[in-house]
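Listed below, chain by chain, are the residues.
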Amino acid sequence: KLVEKAIDMVTSSASVYERYIQKCAKDILKTDKIIEWKTPLGLLVSQVEYEKKEGKDIQFNNVKISYKIETDKVDKKSSKKGFAPNFIHSLDATHLYMSLNELNKKGITHIKVIHDSFAVYPDDVE
């Protein structure tokens, strides 16, 4: 809650975006379809979580193994919850990929990539 409040203090667009994405997810899931989108590079992404049921526990010596089995039924709550962060991650990845391609075209090949960030040598920065 504190992080969300701090983000809202810096930019109101984060909460506006979050509400819009949640509404989109809710509207899509009402139709019993899964949430899908294409990145600017054309990659099709599906955001779907399936309901799970408990499997029978397996006892082996002193070890108890518990597991869950995915069903064919969409877990709408989990699918909705994962949509916003996964949508943003797909855009971050697309931006990173496009940036790396542009750097490569300019002959900059010494690039350090960390998650959705990158760095180059100072003399390669225009």
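Residues numbered from 1 in each chain as written. Predicted model: local features only at pLDDT ≥ 70, side-chain atom pairs only at ≥ 80, totals over all residues. Heavy atoms only, no water.

## What about helix α3 (residues 76-105)?
Then, in step 1: For α3, built from 30 residues, the straight-helix expectation of 44 Å at 1.5 Å per residue is met to within 8% by its first-to-last C-alpha distance of 43 Å.
Then, in step 2: Along α3, the sharpest kink reaches roughly 40 degrees, centred on F83 and followed within four residues by the proline P85.
Then, in step 3: Within α3, burial applies to S79, G82, F83, A84, F87, S90, T94, L96, S99 and L103.
Then, in step 4: Tucked inside the fold, the buried residues of α3 contact α2 (13-30), β1 (35-38), β2 (44-47), β6 (68-74), β7 (111-114) and β8 (117-120).
Then, in step 5: By the N-cap criterion, in which a side-chain oxygen at the helix start approaches the backbone nitrogen of a residue two or three places on, α3 is capped by D75, the distance to K77 being 3.3 Å. (Helix = DSSP H or I, 4+ residues; strand = E, 2+ residues; numbered from the N terminus. Expected span 1.5 Å × (residues − 1). Bend = angle between axes of the 7 residues up to and from the residue. Buried < 20%, exposed > 50% of the residue type's maximum accessible area, 1.4 Å probe, protein only. Contact = heavy atoms within 4.5 Å. Polar contact = N/O pair within 3.5 Å; in protein donor to acceptor, adjacent residues only side chain to side chain.)

## Focus on the pairing of β1
Then, in step 1: The side-chain alternation of β1 yields one buried face, formed by I35 and W37, and one unburied face, formed by E36 and K38.
Then, in step 2: Of the pairings in the sheet, the one linking β1 to β2 comprises 4 bridges and is antiparallel in character. Bridging from a neighbouring strand, E36 pairs with S46 of β2. (Pairing = 2+ DSSP bridges.)

## Looking at the confidence of the model for the chain
Then, in step 1: In this model, the chain carries an average pLDDT of 88, and 98% of its residues clear a pLDDT of 70 or more.
Then, in step 2: When mean pLDDT is compared element by element in the chain, β1 scores highest at 96, while β8 scores lowest at 75. (pLDDT = per-residue confidence, 0-100.)

## Some points on the nonpolar core
Then, in step 1: Residues I21, A25, L29, I35, W37, V45, F83, A84 and F87 constitute the largest nonpolar core, which totals 9 residues.
Then, in step 2: Looking at this core, the elements with two or more residues in it are α2, β1 and α3.
Then, in step 3: Apart from the residues lying within four places of it in its own chain, the contact partners of W37 are L43, L44, V45, Q47, F83, N86, F87 and S90. (Core = buried A, V, L, I, M, F, W, Y, C linked by side-chain atoms within 4.5 Å.)

## Considerations on the packing of aromatic side chains
Then, in step 1: Evaluated as defined, the whole model comprises 3 aromatic pairs.
Then, in step 2: Among the aromatic side chains, those forming a connected cluster through ring pairs are W37, F83 and F87. (Phe/Tyr/Trp six-rings, centres within 6.5 Å; stacked < 30°, edge-to-face > 60°.)

## Observations regarding the packing of α2 against α3
Then, in step 1: Across the interface, α2 lies against α3 with an axial gap of 9 Å and an inter-helix angle of 135 degrees. For the element pair α2 / α3, the angle class is oblique. In this structure, α2 meets α3 at a crossing whose hand is right-handed. Here Y17, E18, I21, Q22, C24, A25, K26 and L29 of α2 come into contact with α3, specifically with K76, S79, K80, F83, A84, F87 and I88.
Then, in step 2: In terms of residue class, the contact of α2 with α3 is built from 9 nonpolar, 2 polar and 4 charged. (Axes fitted to C-alpha atoms, helices over the stretch in contact; angles between N-to-C directions. Parallel < 35°, antiparallel > 145°, perpendicular 65-115°, else oblique. Left-handed = near helix turned anticlockwise from the far one by under 90°. Nonpolar A, V, L, I, M, F, W, Y, C, P; charged D, E, K, R; others polar.)

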